[in-house]
Amino acid sequence: MSLFNSSVRYGHANIVIHWLSALTVYGLFAVGFWMVGLDYYDPWYHNAPFYHKSVGILLLFLSLLRLFLRTSQPTPRPIAKNALEQKLALAVQWLFYALLFTILISGYLISTEKGQGISVFDWFTVPALVQGPYPDFISVGIIHEYSAYLIVGLSVLHIAAAIKHHFIEKDPTLKRMLKSHY
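Below: a short report on this structure.

Reading the values: rules and limits
- Residues numbered from 1 in each chain as written.
- Predicted model: local features only at pLDDT ≥ 70, side-chain atom pairs only at ≥ 80, totals over all residues.
- Heavy atoms only, no water.
- Helix = DSSP H or I, 4+ residues; strand = E, 2+ residues; numbered from the N terminus.
- Buried < 20%, exposed > 50% of the residue type's maximum accessible area, 1.4 Å probe, protein only.
- Contact = heavy atoms within 4.5 Å.
- Polar contact = N/O pair within 3.5 Å; in protein donor to acceptor, adjacent residues only side chain to side chain.
- Core = buried A, V, L, I, M, F, W, Y, C linked by side-chain atoms within 4.5 Å.
- Axes fitted to C-alpha atoms, helices over the stretch in contact; angles between N-to-C directions.
- Parallel < 35°, antiparallel > 145°, perpendicular 65-115°, else oblique.
- Left-handed = near helix turned anticlockwise from the far one by under 90°.
- Nonpolar A, V, L, I, M, F, W, Y, C, P; charged D, E, K, R; others polar.
- Phe/Tyr/Trp six-rings, centres within 6.5 Å; stacked < 30°, edge-to-face > 60°.

A few words now on the environment of Glu169. Mapped onto the elements, Glu169 comes out in the loop between α4 (140-168) and α5 (175-178). According to the relative accessible area criterion, Glu169 is partly exposed, its value standing at 35%. Along the primary structure Glu169 and Ala80 are separated by 89 residues, whereas in three dimensions their C-alpha atoms are 9.3 Å apart. Excluding residues within four positions of it along the chain, Glu169 makes contact with Glu85 and Lys164. Polar side-chain contacts of Glu169 include one of 3.2 Å to the side chain of His165.

Have a look at this one:
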């Protein structure tokens, strides 16, 4: 089992980061969806955002590591024989990165709008590098929310494609993201 990618398979590091990121995105989405319905007097009204922001910042660091690994290692050769499907798969991968960083950066901007840093589980604080208020034509909260819906929707299509490859085309696309050897 290799830690890093080769031209034919994903390495263990990328597989772990992929699944950890996916679970974290779904968890943050669920918590974010739940948080917006909390009443001011609910005990979680003030506590839930602390955890949401803390996990979001950790996901930002993990995503930066993932992007570094993506650009510094070989990417396994596409399995799909159809050139259009290969291009679509690559476009979807980069769209995931774009949406993920849009969500993470917009969350950071929302959280630091008043010039206060973000405490990450009281371990350390990420400083506020920019400060709002932002121009009227930019609604950072709307960007954050809709990007979250888009990434979850895109992930459902991604899962459907992986299932199609596994059960219909019977190729190792899904297997190579489940383990670093197949």
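Let us now look at the nonpolar core. Grouped together as the largest cluster of nonpolar side chains are 19 residues, with contacts concentrated most on Val25, Leu59, Leu100, Leu104 and Ile151. With seven residues, the single largest contributor to this core is helix α3 (residues 83-111). If sequence neighbours within four positions are ignored, Val25 has contacts with Leu59, Leu100 and Ile151. Ile57, Leu109, Val120 and Val126 belong to the second largest nonpolar core, which has seven residues in total.

A separate point is the environment of Ser7. In this structure, Ser7 sits in the segment before α1 (12-35). For Ser7 and Ala30, which are 23 residues apart along the polypeptide, the C-alpha to C-alpha distance reads 35 Å. If we skip the residues at most four places from it in the chain, Ser7 touches Pro74, Thr75, Pro76 and Arg77.

The next thing to look at is the packing of α1 against α4. Each pair of packed helices can be described by the angle between their axes along with the distance between the axes. Taken N-terminus to C-terminus, the directions of α1 and α4 make an angle of 135°; their axes are 11 Å apart at the nearest point. Put simply, α1 runs oblique to α4. At the point where α1 passes α4, the crossing takes the left-handed sense. From α1, His18, Val25, Tyr26, Phe29 and Phe33 reach across to α4, where they touch Ala148, Tyr149, Ile151, Val152, Ser155, Val156, His158 and Ile159. The residue makeup of the contact of α1 with α4, split by class, is 10 nonpolar, three polar and no charged.

If you walk through the whole model with that rule in mind, you get 12 aromatic pairs. Here Phe50 and Phe121 contribute two aromatic rings whose centre-to-centre distance is 6.3 Å and whose plane-to-plane angle is 90°, an arrangement assigned as edge-to-face. A residue pair is termed long-range when its members are at least 10 positions apart, and Phe50 in helix α2 (residues 44-72) and Phe121 in the loop between β1 (118-120) and β2 (124-126) qualify at 71 residues. Measuring from centroid to centroid gives 5.1 Å for Trp94 and Tyr97, while their planes differ by 40°, and the two rings are tilted. Here Trp94 pairs with Tyr97, and both are found in helix α3, just three residues apart, close to one helical turn.

Quick look at the environment of Val126 now. Tracing the backbone through its elements, the reader meets Val126 in strand β2. Residue classification places Val126 among the buried positions, given a relative accessible area of 14%. Along the backbone, Val126 and Ser2 are 124 residues apart, and their C-alpha atoms lie at a distance of 33 Å. The contacts of Val126, once residues within four sequence positions are left out, are Ile57, Phe61, Tyr108, Gly117, Ile118 and Val120.

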